[in-house]
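Summary of structural features
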Amino acid sequence: MQKKYYEESSGKEKFRRSINTLFSIVNRNVRNQYRNSVLGIVWTVLNPLLNMVVIALVGAAIALYRAGRKKDSRRLIGAVIFEDARQ
């Protein structure tokens, strides 16, 4: 007897199907949103990464400042500004 689609299937199989469905929905959404833009797709990936880097650097500067190492925190902030201006 042939196994029907809705009958019992393993947890791994259900997980794989849901991941494939999620991937196809996200892929279609990103393609439709940035249809005529090459930079848009790249920006979709880079924007969260850049935000994470900025938040980590600011957090490190605050931690250094609170630890009483004001000179180090100023150096870190200066290095971030210099690298940003250089690009």
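Residues numbered from 1 in each chain as written. Predicted model: local features only at pLDDT ≥ 70, side-chain atom pairs only at ≥ 80, totals over all residues. Heavy atoms only, no water.

So, on to the overall build of the chain. A count of helices and strands for the chain gives three helices and zero strands. The secondary structure elements of the chain, listed N-terminal to C-terminal, are α-α-α. Residues counted as buried form 5% of the 87 residues belonging to the chain. Surface summary for the chain: the accessible area is close to 8,100 Å², and the carbon and sulfur share equals 62%. (Helix = DSSP H or I, 4+ residues; strand = E, 2+ residues; numbered from the N terminus. Buried < 20%, exposed > 50% of the residue type's maximum accessible area, 1.4 Å probe, protein only. Areas by Shrake-Rupley, 256 points an atom, 1.4 Å probe, with all protein chains shown as cover.)

Time to look at helix H2 (residues 38–66). Here H2 is 29 residues long and its end C-alpha atoms lie 43 Å apart, about the 42 Å a rise of 1.5 Å per residue gives. Largest kink in H2: about 35°, centred on Thr44, with the proline Pro48 one to four residues after it. Looking at the residues trailing H2, positive phi occurs at Gly68, about 90°. (Expected span 1.5 Å × (residues − 1). Bend = angle between axes of the 7 residues up to and from the residue.)

This paragraph deals with the confidence of the model for the chain. Of all residues in the chain, 80% attain a pLDDT of 70 or more, and the chain-wide mean is 77. Of all helices and strands in the chain, the one with the weakest mean pLDDT is helix H3 (residues 70–86) (69), whereas helix H1 (residues 11–33) scores best (87). (pLDDT = per-residue confidence, 0-100.)

Topologically, Gly40 is positioned in helix H2. In this structure the C-alpha to C-alpha distance between Gly40 and Val30, which are ten residues apart in sequence, comes to 8.9 Å.

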